[in-house]
Amino acid sequence: MNNTMIDVVLTGELAEGISFEQACATVEKLFKLPAEQARQLLETAPRVIKRGLDSETAEKYRLTIEKNGLKVRLQGDADTAAKSEVLAPETAAVPATAVTSAVVAQAPVEAAPAIARQETAVSTTATALAPAQPVAATDFAGLKFRIDGSPDFGFLTVQLPPGQMLKVEASAMATMDTNLVMKTKMKGGISRMLSGENLFLNEFTAENGPGEIGIAPATPGDLIHRYMRGETLYLQSGAFVASTPGINIETKWQGFTKGFFSGESLFLIRASGEGDLWLNSYGAIIEIDVKDGYVVDTGNIVAFTEGLEYSISKVGGYKSLFFSGEGFVCRFKGEGKLWIQTRSVGAFAGWAGQYRPTKD
Amino acid sequence: MKANIKGGHAFSYVEVELAPGESIMTEPDAMSSMDASLDLTARFNGGLIKGLLRKYLGGESLFISRFHNATSTPRSMTIVQPTPGEILCKELNDEVYFMQPGAFLACEESVKIGLGFAGFASWIAREGLFRIKVSGHGKVWFGAYGALLEKEVNGEYIVDTSHLVAYDPSLRLNLQLAGGLFSSFFGGEGLVTRVSGKGKIIIQTRSISSLAGWLNPKL
């Protein structure tokens, strides 16, 4: 019998594209908890939701929970050997899949029975899955954050641990703790100014303890988060909202044909490195997996991964170029991810502009 | 009075059902649709002088509309705000509540709408010299551009001046620079409000000045 004692820890981090609200709903469903308790469980994460499992069962838990967009961490027996010793009699008495008493050591007393109840629910789902492959447990290093008000007026709240720094687009800070100290940095020089981004970036550092910052972009629309693990992302100028110091932000010349003739900025922002990155747009954001080719109006691109090749071209012939209203489009080739926005700034300016009073 | 807020973050509206004999006070032009049998009277917002003060100092309108159901069956109406954004309801229970100029939308007749001196700091922050003070019993509806979030303050918290919508009277507001002189100018943050005390604040997730800053160069 495999006797290793593994704890399953709900880290409280969310997978990309999962909002806090969605996560709450998932926890609610998965653990059959009342909404209030589900929220509490997530807010007080990281929390141990299951203790003293053998590696196979723990792996099943991890798979089930991560399938639903939440992150868990498996704590091995090495560092918790002493704890396992204490728990051993209990776990030995009860079959591993139905451990109820040793579960929520850190949980408030009133939440304990409910969570314990739902453990069984998890195990049934877990066993229903195909036998799990043992995978190395990974640690999610990102910061804790939540996005409210999506998709109309997305608002980002990030929790900064002591000493942590966050780069934020100029004038986007809406609220913050008094622990945070702001410094303004000039970034990227002239090319950054030309890219349509503000020349300045603000750096917020939690100097005297943990701190919270609320970030409100200027445009009506959504926010997305991506945890970067060394990959590269190209962002439309203006899409950058915030990032951790590990992310390198540079401007990249698109070339005259790609930039100038498409009516868009001549520059793209190149983001690479490891850490959290948040983007915003005007309108809601849709994620698209590109396998072959995909065509997007130049005004609707938010960001795309490095693997994609792109070129600017007309949709149809010259007649449709001028009269269909479609103009130039961006053709993507290759494999990767693409984020598009459901509204375009140019179209909005054109629509709103006609109602402005004319100067005589 | 039955009232529901609908329409999501972006285009909130209030659906009100007035029982026989009930009435509701709203900002002028806030009514978007109503049963034909409701009576509308416009009156000065707290008398002519006070109304004028409120108009010029509090950013509110001189008149206020009163919708009254004089029939014997419930009648309904819908109330909207001029900006895209969310509407919230605050139920007053013999207490005072402060709102930034322009946030007030409607209230039950039992609620008193007043004007409070907000201090010169608030004026320098372009938030106006005065703030709306609602008191008494009953429901108050208010809204702003953007989604609205509630935040519990215990101790001190910093809010960008254009994002504060409403707050408990137990909180004190002070003005300060966002960072050093250089940062405050070039970082685009400028002045911020330091909220201190214990209570709840409501913030709007968008500000009209940043919308204008984003849109104007493109028009």
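About the criteria used
- Residues numbered from 1 in each chain as written.
- Chains lettered and ligands numbered in written order.
- Predicted model: local features only at pLDDT ≥ 70, side-chain atom pairs only at ≥ 80, totals over all residues.
- Heavy atoms only, no water.
- Helix = DSSP H or I, 4+ residues; strand = E, 2+ residues; numbered from the N terminus.
- Buried < 20%, exposed > 50% of the residue type's maximum accessible area, 1.4 Å probe, protein only.
- Contact = heavy atoms within 4.5 Å.
- Areas by Shrake-Rupley, 256 points an atom, 1.4 Å probe, with all protein chains shown as cover.
- Buried area = accessible area lost by both parts, 1.4 Å probe.
- Salt bridge = Lys/Arg side-chain N within 4 Å of Asp/Glu carboxyl O.
- pLDDT = per-residue confidence, 0-100.
- Arc of directions from axis to C-beta.
- Polar contact = N/O pair within 3.5 Å; in protein donor to acceptor, adjacent residues only side chain to side chain.
- Core = buried A, V, L, I, M, F, W, Y, C linked by side-chain atoms within 4.5 Å.
- Pairing = 2+ DSSP bridges.
- Axes fitted to C-alpha atoms, helices over the stretch in contact; angles between N-to-C directions.
- Phe/Tyr/Trp six-rings, centres within 6.5 Å; stacked < 30°, edge-to-face > 60°.
- Lys NZ or Arg CZ within 6 Å of the ring centre and 35° of its normal.

### Notes on the overall build of chain B
Tallying secondary structure elements over chain B gives 4 helices and 15 strands in all. Within chain B, buried positions represent 47% of all 219 residues. Counting contacts in chain B only where the partners sit at least 6 residues apart, residues at least 24 apart contribute 74% of the total.

### Quick look at the overall build of chain A
A count of helices and strands for chain A gives 9 helices and 20 strands. Every one of the 360 residues in chain A was classed for burial, and the buried ones make up 51%. For chain A, restricting intrachain contacts to residue pairs at least 6 apart in sequence, the fraction spanning at least 24 positions comes to 77%. Here chain A displays about 16600 Å² of accessible surface, and carbon together with sulfur accounts for 56% of that area.

### A short note on the interface of chain A and chain B
Taken residue by residue, the interface counts 36 residues in chain A and 36 residues in chain B. Between chain A and chain B lies a buried interface of about 2900 Å² when both sides are counted; carbon and sulfur atoms form 66% of it. Considering only the side of chain A, the residues that lose the most area to chain B are F153, T178 and M182 of chain A, jointly responsible for 21% of the buried surface there. Seen at the junction of chain A and chain B, the total is 1 salt bridge. Here K151 of chain B ties to E212 of chain A by a salt bridge, and the two come within 3.0 Å at their closest N and O atoms.

### Some details on the environment of K198 of chain B
Inspection of the secondary structure assignment puts K198 of chain B in strand β15 (residues 191–204). Sequence spacing of K198 of chain B and P28 of chain B is 170 residues, and the spatial spacing of their C-alpha atoms is 34 Å.

### Looking at the confidence of the model for chain A
Residue and element names in this part refer to chain A. Looking at chain A, the pLDDT average stands at 73 and 63% of residues meet or exceed 70. When pLDDT is averaged over each helix and strand of chain A, the minimum, 36, is found for helix α4 (residues 81–93) and the maximum, 96, for strand β5 (residues 155–160). Segment residues 77–139 is flagged for pLDDT under 50; beyond a separation of four residues in sequence, or across chains, it makes 83 contacts in the model.

### Observations concerning helix α4 (residues 208–215) of chain B
Of the positions making up α4 of chain B, those classed as buried are S210, L211, W214 and L215 of chain B. The buried residues of α4 of chain B occupy an angular sector of 130° when the element is viewed end-on, so they sit on one face.

### Concerning the side chain of Q81 of chain B
Residues and elements named next belong to chain B. Relative to the helices and strands, Q81 is located in the loop between β7 (75–80) and β8 (87–99). In this structure the side chain of Q81 is engaged in a polar contact, spanning 3.2 Å, whose partner is the backbone oxygen of G85. Residues in contact with Q81, not counting those within four places in the same chain, are E86, I87, L105, G143 and A144.

### What to know about the nonpolar core
For soluble globular proteins, the rule of thumb is that nonpolar side chains tend to be buried together. All names here are of chain A. Among the nonpolar cores identified, the biggest contains 23 residues, and V158, L166, I213 and I215 are the most heavily contacted of them. Listing elements by their share of this core, those giving two or more residues are β4 (144–148), β5, β6 (165–169), β7 (173–177), β8 (180–186), β9 (200–206), β10 (211–215) and β12 (240–243). The dominant element in this core, judged by the number of residues it contributes, is β5, at 3 residues. Among all residues touching L166, those that are not within four sequence positions of it are L143, V158, L160, N202, E203, F204, I213, I215, A242, S243, T244 and W278. If you look at the next biggest cluster of nonpolar residues, it comprises 20 residues, including L10, V27, L42 and L70.

### A short note on the sheet that holds strand β18 (residues 309–314) of chain A
Residues and elements named next belong to chain A. Here 3 strands make up an open sheet; going across it, the order is β16-β19-β18 and the pairing antiparallel. Of all the strands in the sheet, the pair left with one neighbour each is β16 (293–297) and β18. Strand-to-strand twist of the sheet, defined as the mean angle between neighbouring strand axes without regard to direction, takes the value 30°.

### Observations regarding the packing of aromatic side chains
Under the counting rule described, the total for this entry stands at 13 aromatic pairs over all chains. For the pair F348 of chain A and W351 of chain A, a centre-to-centre distance of 5.8 Å together with 35° between the ring planes defines the contact as tilted. Of this pair, F348 of chain A and W351 of chain A both sit in helix α9 (residues 345–353), 3 residues apart, roughly one helical turn. Each residue in the set Y282, F348, W351 and Y355 of chain A together with W214 of chain B is aromatic and connected to the rest through ring pairs, giving one cluster. The ring of Y97 of chain B has K90 of chain B sitting right over it, with the charged end atom 4.5 Å from the ring centre. In this structure, R131 of chain B is placed above the aromatic ring of F98 of chain B, and the distance from its NZ or CZ to the ring centre is 3.8 Å.

### Considerations on the pattern of salt bridges
A side chain with one charge may pair with a side chain of the opposite charge, provided their charged atoms come close. All names here are of chain A. Within the structure shown, the criterion is met by 12 salt bridges over all chains. D148 is paired through a salt bridge with R146; the nearest N and O atoms lie 3.1 Å apart. Since its relative accessible area comes to 23%, R146 is described here as partly exposed. Residue E306 is joined to R270 by a salt bridge in which the shortest nitrogen-to-oxygen separation is 3.8 Å. With E306 in the loop between β17 (301–305) and β18 and R270 in strand β14 (residues 267–280), this residue pair connects regions lying 36 residues apart in the sequence. Residue E306 is classed as partly exposed on the basis of its relative accessible area of 41%. Take R270: its relative accessible area is 24%, and that puts it in the partly exposed class.

### Some details on the sheet that holds strand β4 (residues 31–34) of chain B
Residue and element names in this part refer to chain B. The antiparallel open sheet is built from 4 strands, whose spatial order is β1-β2-β7-β4. Every interior strand has two partners, whereas the edge strands, β1 (2–6) and β4, have only one. Recorded for the sheet is a direction-independent mean angle of 20° between the axes of neighbouring strands. Inspection of the sheet shows strand β2 (residues 13–18) paired to β7 by 6 bridges, in the antiparallel sense. Paired with Y13 across the two strands is V80, which belongs to β7.

### Thoughts on unusual backbone geometry
Residue and element names in this part refer to chain A. Between S150 and P151 the backbone carries a cis peptide bond, its omega angle lying at -10°. Within the fold, P151 resides in the loop between β4 and β5. Phi is positive for S171, close to 60°, though the residue is something other than glycine. With respect to the helices and strands, S171 occurs in the loop between β6 and β7. Assessed through its relative accessible area of 35%, S171 is described here as partly exposed.

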